[in-house]
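# Structure at a glance
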Amino acid sequence: MIHLYTYGWNNKLNQLKQDSAHKALFHGRVTIVHRTCYEVISENGMLQCELTGNMMFGKSDFELPCVGDWVIFQLFDENKGVIVDMLPRERILYRKKSGTIADKQAIASYVDKAFIVQSLDDNFNVRRAERFMVQILEEKIKPILVLNKADLGFEKQKIEEHIKHIAHQMPVFFTSIHQPQTIHQLRESISEGETVVFVGSSGVGKSSLVNTLCENSVLLTSDISLSTGKGRHTSTRREMVLMDDSGVLIDTPGIREFGLAIDDPDSLTEMLEISDYEESCRFKDCEHINEPGCAVLEAVNSGILDHKVYESYLKLRREAWHFCTSEHEKRKRDKSFSKLIEGVKKYKTNF
Ligand code: GDP
Ligand code: ZN
């Protein structure tokens, strides 16, 4: 039998299940999402599941189960099931869906830590690290910056100078798959039952790190051949691996850039360490653009606050505002649309 506690199951989840309408059914955690098929790890092993029509009805894409979700299912064959419900989600890593204004996509849920992986060559980019960090902090997930390929030779002091404003928000690890000590330190940062998601461009070494961290583990994929004919390694694949009984690692396919999907642009000043200056602005509602007595601008002009950090802040804030207002309007539209439908239904029943 598989102990789901090593996969992150806990008393709180158990209570949620007991309070649900399906307490007599089985539960499990989604390990991979294929187009319409979900692989779920349960006490009885890995299952292939589908959703009931009810689970899909009236839902946006981001509300459908994603990797990491805890689901309730009905078993209908030895290794097949139908998902009938999902426990309330927590700590979901979202990103804005590319090509949309306010649609978001759930990457993984019940995430405790996110490893933002960059390699110490051309890939290192502090602006991208900020962007990932902001989105991750927004979801109350702990970000950790993993700077990989440390064996390639790099200027540590220069790198540390670049990241000093974000290093307070997230621990930084310099790693190399060729230097076991660095991997050991990274492993030590993951506790039992914790879920860690790896994000970053492809080629930075995410899969190599996952493999090195769990040398003795097997990727949690079943060898099903999919109807798409593409086999296991489709581009939408996300794989969950159990790290020697102590943590759950989720590898994501190269996510180079994150479109921000955050609801509270005001939190940005704190995340980027601008809030200390902000407190001294003359006006409480100062937007730090051209107001008199703006302490943020003063800090930029006197060189205490890196103007690149300031510009990055403005850019992220604009993006977050844009997302929030569009999302707000979308919700309003959805609301009035459902009112309209209700109205039509009433109208019909009256005649
Ligand atoms: P992913 O796309 O982020 O999953 O990256 P991969 O794990 O596939 O790694 C991409 C390439 O980088 C492979 O050729 C790895 O062997 C190499 N690589 C990964 N980690 C390191 C490292 O620490 N140092 C060096 N020199 N190469 C690495
Ligand atoms: Zn100001």
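Here the structure is shown first, and the text comes after it.
Overall, mixed pairing links the six strands, which are arranged β10-β9-β8-β11-β13-β12 in an open sheet. Strands at the two margins of the open sheet, each flanked by one partner only, are β10 (172-174) and β12 (239-243). Going across the sheet, the axis of each strand differs from the next one's by a mean of 25 degrees, ignoring polarity. Sheet analysis places strand β9 (residues 142-148) next to β10, joined by three bridges and oriented parallel.

The protein atoms donating to the zinc ion (ligand 2) are Cys 281 (SG), Cys 286 (SG), His 288 (ND1) and Cys 294 (SG), with metal-donor distances spanning 2.1 to 2.4 Å. Angles of 102 to 115 degrees at the metal separate the four donor atoms of the zinc ion (ligand 2), which places the site in the tetrahedral class. Mapped onto the sequence, the donors of the zinc ion (ligand 2) take the spacing C-x4-C-x1-H-x5-C. For His 288, a relative accessible area of 1% translates into the label buried.

Another point: the packing of helix α5 (residues 180-188) against helix α6 (residues 206-213). Taken N-terminus to C-terminus, the directions of α5 and α6 make an angle of 80 degrees; their axes are 10 Å apart at the nearest point. By the angle between their axes, α5 is roughly perpendicular relative to α6. Residues Ile 183, Leu 186 and Arg 187 of α5 form the contact with α6, whose participating residues are Leu 209, Thr 212 and Leu 213. Tallied by class, the residues present in the contact of α5 with α6 amount to four nonpolar, one polar and one charged.

Once that is clear, we can look at a negative patch on the surface. Among the surface-exposed residues, Glu 270, Glu 273, Asp 276 and Glu 279 lie close enough to one another that they form a single negatively charged patch. Its place among the elements puts Asp 276 in helix α8 (residues 275-278).

Every one of the 15 residues lining ligand 1 counts as a neighbour, but Asp 151, Gly 203, Lys 206, Ser 207 and Ser 208 are closest to it. Contact between ligand 1 and Gly 203: an oxygen atom at 2.7 Å from a main-chain N or O atom of the residue. With respect to ligand 1, the backbone of Lys 206 contributes an N or O atom lying 2.8 Å from an oxygen atom. Taking 580 Å² as the accessible area of ligand 1 by itself, protein coverage stands at 68%. At three residues, the largest contribution of residues to the shell around ligand 1 is made by α6. Among the residues forming the shell around ligand 1, the class breakdown is three nonpolar, nine polar and three charged.

Counting across every chain of the model gives zero disulfides. Just so you know, Cys 49 is unpaired, no disulfide at all, and the nearest cysteine sulfur is the one on Cys 37, 7.8 Å from it. Residue Cys 49 is classed as buried on the basis of its relative accessible area, which comes to 0%.

Time to look at the pairing of strand β3 (residues 45-51). One face of the sheet, then the other: side chains in a regular strand alternate in exactly this way. Note: strand β2 (residues 38-42) against β3, five bridges, orientation antiparallel. Along β3, the bridge assignment pairs Tyr 38 with Cys 49. Counting the residues between successive antiparallel strands, the hairpin from β2 to β3 contains two residues. Two strands pair when backbone bridges link them, and β3 and strand β5 (residues 80-86) are joined in this way by four bridges, in the parallel orientation. The residue bridging Leu 51 from the neighbouring strand is Ile 83, located in β5.

This next bit is on the sheet that holds β2. Ordered by their spatial adjacency, five strands build a closed barrel running β1-β2-β3-β5-β4, and the pairing between neighbours is mixed. Here the average twist between neighbouring strands, direction ignored, is 55 degrees.

On to the pattern of salt bridges. All told, the structure shown has eight salt bridges when counted by the stated rule. A salt bridge links Glu 90 to Lys 12; the shortest N-O distance between them is 2.4 Å. Highlighted residues: Glu 90 in the loop between β5 and β6 (93-96) and Lys 12 in helix α1 (residues 11-19), separated in sequence by 78 residues. Given a relative accessible area of 24%, Glu 90 falls into the partly exposed group. Residues Asp 112 and Arg 91 are paired through a salt bridge, measuring 3.2 Å at the closest nitrogen-oxygen approach.

The rules we used
Residues numbered from 1 in each chain as written. Chains lettered and ligands numbered in written order. Predicted model: local features only at pLDDT ≥ 70, side-chain atom pairs only at ≥ 80, totals over all residues. Heavy atoms only, no water. Pairing = 2+ DSSP bridges. Helix = DSSP H or I, 4+ residues; strand = E, 2+ residues; numbered from the N terminus. Axes fitted to C-alpha atoms, helices over the stretch in contact; angles between N-to-C directions. Donors = N, O, S within 2.8 Å, 3.2 Å for Na, K, Ca; no water. Tetrahedral: all angles 85-135°; square planar, octahedral: opposite > 155°, others 65-115°. Buried < 20%, exposed > 50% of the residue type's maximum accessible area, 1.4 Å probe, protein only. Parallel < 35°, antiparallel > 145°, perpendicular 65-115°, else oblique. Contact = heavy atoms within 4.5 Å. Nonpolar A, V, L, I, M, F, W, Y, C, P; charged D, E, K, R; others polar. Patch = residues over 30% accessible without salt bridge, like charges linked within 9 Å, V, L, I, M, F, W, Y side chains within 5 Å. Areas by Shrake-Rupley, 256 points an atom, 1.4 Å probe, with all protein chains shown as cover. Salt bridge = Lys/Arg side-chain N within 4 Å of Asp/Glu carboxyl O. Lys, Arg positive; Asp, Glu negative; His and termini not counted. Charge placed at Lys NZ, Arg CZ, Asp CG, Glu CD. Near = heavy atom within 4 Å. Polar contact = N/O pair within 3.5 Å; in protein donor to acceptor, adjacent residues only side chain to side chain. Disulfide = S-S within 2.5 Å.

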